[in-house]
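Single-letter residue listing:
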Amino acid sequence: MTKRETSRHISRHLREGRLQIAAYAAICLAVFLVPVLVDNDFLLNRYARYLVLGMVAMSLALAWGYAGILNLGHALSFGIGSYCMAMTLKLRTVPTHTGSDGLPDFMVWNNVETLPWLWVPFHSTTFAIAAGLLAPALVAAVLGWFMFRGRVTGVFVAIITLASLVVANLLVIDMQAYTGGFNGITDLAQLSLFGITFDAYSKSTYYLVATCLTLSLFACLAVTRSKAGLILQAIRDDERRVRFFGYDVASYKVMAMAVSAAVAGLAGMLYTVVMEFASPTFLGVPLSLSIVIWCAVGGRQSLAGAMLGAIVIAAMQGALSESEAFLETWTLVMGVVFVAVVLFLPQGLAGLVEIVRARLAAARARPAEPIAPVAAPGTGERS
Amino acid sequence: MTPHLALTDVSVSFNGFKAVDGLRLSVGKGELRCLIGPNGAGKTTALDLICGKTKADSGSITLDGRELSRLEEHEIARAGVGRKFQVPSVFRQLTVRDNLEVAMCRETGVLATLLRRARTPAGDGLEALAEFVGLADVLDDPAANLSHGQTQWLEIALLLAQDSELILLDEPTAGMTHQETAKTADICQRLKGKHTIVVVEHDMGFVREIGDVISVMHQGALLAEGGVAEISADARVREVYLGTMGIAGA
Amino acid sequence: MEFFLQQVMTGLSIGSILLLVALGLALIYGSMGVINMAHGEFLMLGAYSTWALNTFFGLGLLSSLVFVFLLVGAFGWAVERGVIRFLYRRPLDTILATWGIGIILQQVVRLSAGGELRYVEMPEVLTATVSILGVTVPGYRVFVFVVVAALFALTWALMFKTDFGRRLRAVVQDRDTATCFGVDADRVYSLTFAYGAGLAGLAGALVAPLKSVSPEMGTAYVVDAFFVVVLGGVQSLFGTVVSAGLLGQLTGSLAWVTNDTVAKALVLVAIVVIIRFRPQGLFVAKVRS
């Protein structure tokens, strides 16, 4: 191989990297341009909702697609973020109709006399936002530490995360006096930040969501493009081998889970702002499964793919949700699509795009040579 | 001189079967040591014990006087132990380039690697290394697409990239052609002096070519130790290797 | 004393149903390494089959049992042939695919049979109560206990006394080697999966008269059954029995001590802790990996 050929390889590498960044930037730009075209606050609220769901699917792709951690309880992080935001916004509403000063109405109905200590710091919105990011990350890190120190892998990770989600969900519903129970936390004030009040049905909230989406997308992209991101992929492939290079596999996995959880927490906070309530369904098994489905269909190993998968599927579902019968059929169709994708298209639609692109490029560059097979799909899990 | 690697009375058993039984071994700094012995003598298990894949039941394993036997695998690797496995294990879904990037592991902490870019700039030896083992043409191919021979070479390249003080090679020439075996021997010769190397090998031609000192294991313990000629003449060694045939015929 | 006996009887009854649900799950997981998230839906399918046979063909519960077993078993066979067999090298994806199949089944049933609760009549002969050691026990519970014991004995014999069982154990040990010796591993797997599914269907048929039949009914059972499997160890049929009995007694007693939600949460926490510290189960000797 000559020097010139070597440099051709390097430039191909750099070019692909730049292409990825450009594509991601274009997606974000398009997201920001939507309010210019759509001047309808009701629709913008809907779109903001889909963007938030895209964000949480993207965060799962980081843990699942890159590090091979199938977190079936990802909604736990989302739900914690959502409740953190709801708690601070609840404390800003003046419960005139209950007659009790500074106490959320549902607490009054449950005969709670004083504000529980866990609620007190949520008088500060700054604290709430920090908690919405850090609490999910901390919970995920502790859970991750618990699992990965003991070298729990593969299907057992899926079961443990799922079980943890169900436990949290049961507890939130059970502790009605402190969490609003089955009804969640409703009747919230609007978020005020930097002198801007974010009405759920307004451009400002849409832009807030779009900004957070862009920031978190590029933050996750930075992780995947760092050396640590490469090591995560190596761990997904063969974690035992990674250990013999001196990397502490458990720490890397904990990091991936924590970062993924923090982004999901941010998405959860935004979801409360957009939906104007927090509900135990936000940390429910059905939502958690939906996140996995979005991620799988969009492409688990592509941040943008997972994000777009969630946005498109949620938007389609939103369009059909006018009718109960349609929605039931829709769930059935999603189940079939999900099984089909898992079977035949493990890299999701993003993988399909990649295959087509590679074939086109190969056909253009060297029409005479056979096309190299695409890398073996799979989750890289070894048991 | 204190040995670089020292195993003292190391034992391990699986379900009552003593795979390694009171093994003593000491290897000097920069030495190339061949470890031979009949099947089931415990050679691979010995390497597993050194690199931490298997934990010893008793005994001590030290590298430069530092106790390894209670460390985790990644800590042992950080202490300066690199290992090539009998069955080639590379990251099949990653490209050859990314495999090498992972193996270049001077920084292993999570934060340090988070702040580094995945791909090092050209000119830090990655390309030269790939060229050296004949993989320069397939740098951007997934390792899954490599042939068996190429996978072997990638594995060796990973070890070179890792650049450990102590290198453990488990049957490096298995399935290699004559030419490739010669090249592997050449690499071993070059590494000698700068690195301490322990090679488990069946190919006696290869051992004769590279070996200074040979340690013979039998039933989990050290049977004999010495130069090639000395070992070939050793009656006990002849006996464990199919009676009268001697190791020449092995 | 009588209170204690009453507790034991309740525990045995709960445990026998748990064992029935867990048996199929353990068989499929232990031999094929497949965590079948659709197992609860197979159970639900069995319950609905019983209801349908009852409603449309006038068949009683007892005469339905064989049909239900064959029906759900055949369905399981189809699922294995159509989906699972492509995923043996991708265990994580098996979880996802079977979860998806579970959703599909729930939706299909909801759309075709309706979301409302259905009821299955208990056989006339079994409505009487029986007195055991001075404790009054519903006859149907005794019947379930006997059926489960028989099914367990049958499964054990199938695994350890028949040629099929030997083939299955060979495939479990080393699929490639078994194939080399002429065992049709594909066939062994699909039959095992079908048998496990059939057991789930039977469980559904047997619990149908005790509780109402609904599209979501499987979920509750499968969590407990999964717990039994984890507790008992995947390779051990007898471990499954012991843990089913244990959990049955535990659930019977826990319901007295604390409320339902906390009991459920505790079961899940116990699953997590057991998986973390003893992934091979509590009743299996440590093996070299």
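Values in this document were obtained by computation on a predicted structure and should not be read as measured data.

### Regarding the overall build of chain B
Across its full length, chain B carries ten helices and ten strands. The C-alpha radius of gyration of chain B comes to 19 Å, within 12% of the 18 Å expected for a compact globule of 250 residues. Projected onto the principal axes, the alpha-carbon positions of chain B cover approximately 55 × 40 × 40 Å. Long-range pairs, those at least 24 residues apart, make up 63% of the contacts in chain B with a sequence separation of at least 6.

### Brief notes about the interface of chain B and chain A
Contacts between the two partners involve 37 residues from chain B and, on the opposite side, 34 residues from chain A. Elements that contribute at least two residues to the side of chain B that touches chain A include exactly helix 2 (73–79), helix 3 (96–103), helix 4 (110–114) and helix 5 (126–132) of chain B. In terms of residue class, the side of chain B that touches chain A is made up of 16 nonpolar, seven polar and 14 charged.

### Concerning the interface of chain C and chain A
Taken together, the 30 residues of chain C in the interface contact 36 residues of chain A. Only helix 4 (91–113) and helix 11 (260–277) of chain C provide two or more residues apiece to the side of chain C that touches chain A. For the side of chain C that touches chain A, the per-class residue count stands at 22 nonpolar, three polar and five charged.

### Side note on the confidence of the model for chain C
All names here are of chain C. Here chain C shows a mean pLDDT of 81. Residues at 70 or above account for 92%. Of all secondary-structure elements in chain C, the lowest mean pLDDT belongs to helix 10 (residues 237–257), at 72, while helix 3 (residues 61–82) reaches the highest, 90. For the stretch residues 285–289, pLDDT sits under 50, and the model shows three contacts to residues farther than four places along the chain or on other chains. Across the assembled chains, the prediction reports ipTM 0.86 with pTM 0.85.

### Focus on the sheet that holds strand 4 (residues 58–63) of chain B
Residues and elements named next belong to chain B. With antiparallel pairing, the four strands of this open sheet are ordered in space as 2-1-4-5. Every interior strand has two partners, whereas the edge strands, strand 2 (17–27) and strand 5 (66–67), have only one. For strand 4 and strand 5, the ladder comprises two bridges, and the chain directions are antiparallel. Note that in strand 5 the partner of threonine 62 across the bridge is glutamate 67.

### Considering the nonpolar core
Membership of the largest hydrophobic core comes to 276 residues, with the highest contact counts inside it found for Ala57 of chain A together with Val21 of chain C. Counting residues per element, this core draws most heavily on helix 10 (residues 249–275) of chain A, which supplies 21 residues. Those residues within four positions of valine 21 of chain C in sequence are excluded, and the remaining contacts are Leu43, Ala200, Ala203, Tyr221, Val222 and Ala225 of chain C.

### Describing the pairing of strand 1 (residues 5–14) of chain B
All names here are of chain B. Looking at chain direction, strand 1 and strand 2 are connected through seven bridges and run antiparallel. Opposite valine 10, over in strand 2, you have leucine 23 as the bridge partner. Adjacent in sequence and paired antiparallel, strand 1 and strand 2 are bridged by two residues, among which asparagine 15 carries a positive phi angle near 50°. The pairing of strand 1 with strand 4 spans five bridges and is classified as antiparallel.

### Some points on the packing of helix 5 (residues 139–160) of chain C against helix 6 (residues 163–173) of chain C
All names here are of chain C. Here helix 5 crosses helix 6 at 70°, and the two axes come no closer than 5 Å. Between helix 5 and helix 6, the crossing angle belongs to the class labelled roughly perpendicular. On helix 6, the residues touching Leu158, Met159 and Phe160 of helix 5 are Phe164, Gly165 and Leu168. Taken together, the residues of the contact of helix 5 with helix 6 sort by class into five nonpolar, one polar and no charged.

Cut-offs applied
Residues numbered from 1 in each chain as written. Chains lettered and ligands numbered in written order. Predicted model: local features only at pLDDT ≥ 70, side-chain atom pairs only at ≥ 80, totals over all residues. Helix = DSSP H or I, 4+ residues; strand = E, 2+ residues; numbered from the N terminus. Rg over C-alpha atoms; globule rule 2.2 N^0.38 Å. Contact = placed C-beta atoms within 7 Å. Nonpolar A, V, L, I, M, F, W, Y, C, P; charged D, E, K, R; others polar. pLDDT = per-residue confidence, 0-100. Pairing = 2+ DSSP bridges. Core = buried A, V, L, I, M, F, W, Y, C linked by C-beta atoms within 7 Å. Buried ≥ 20, exposed ≤ 12 C-beta atoms within 10 Å, placed from the backbone. Axes fitted to C-alpha atoms, helices over the stretch in contact; angles between N-to-C directions. Parallel < 35°, antiparallel > 145°, perpendicular 65-115°, else oblique.

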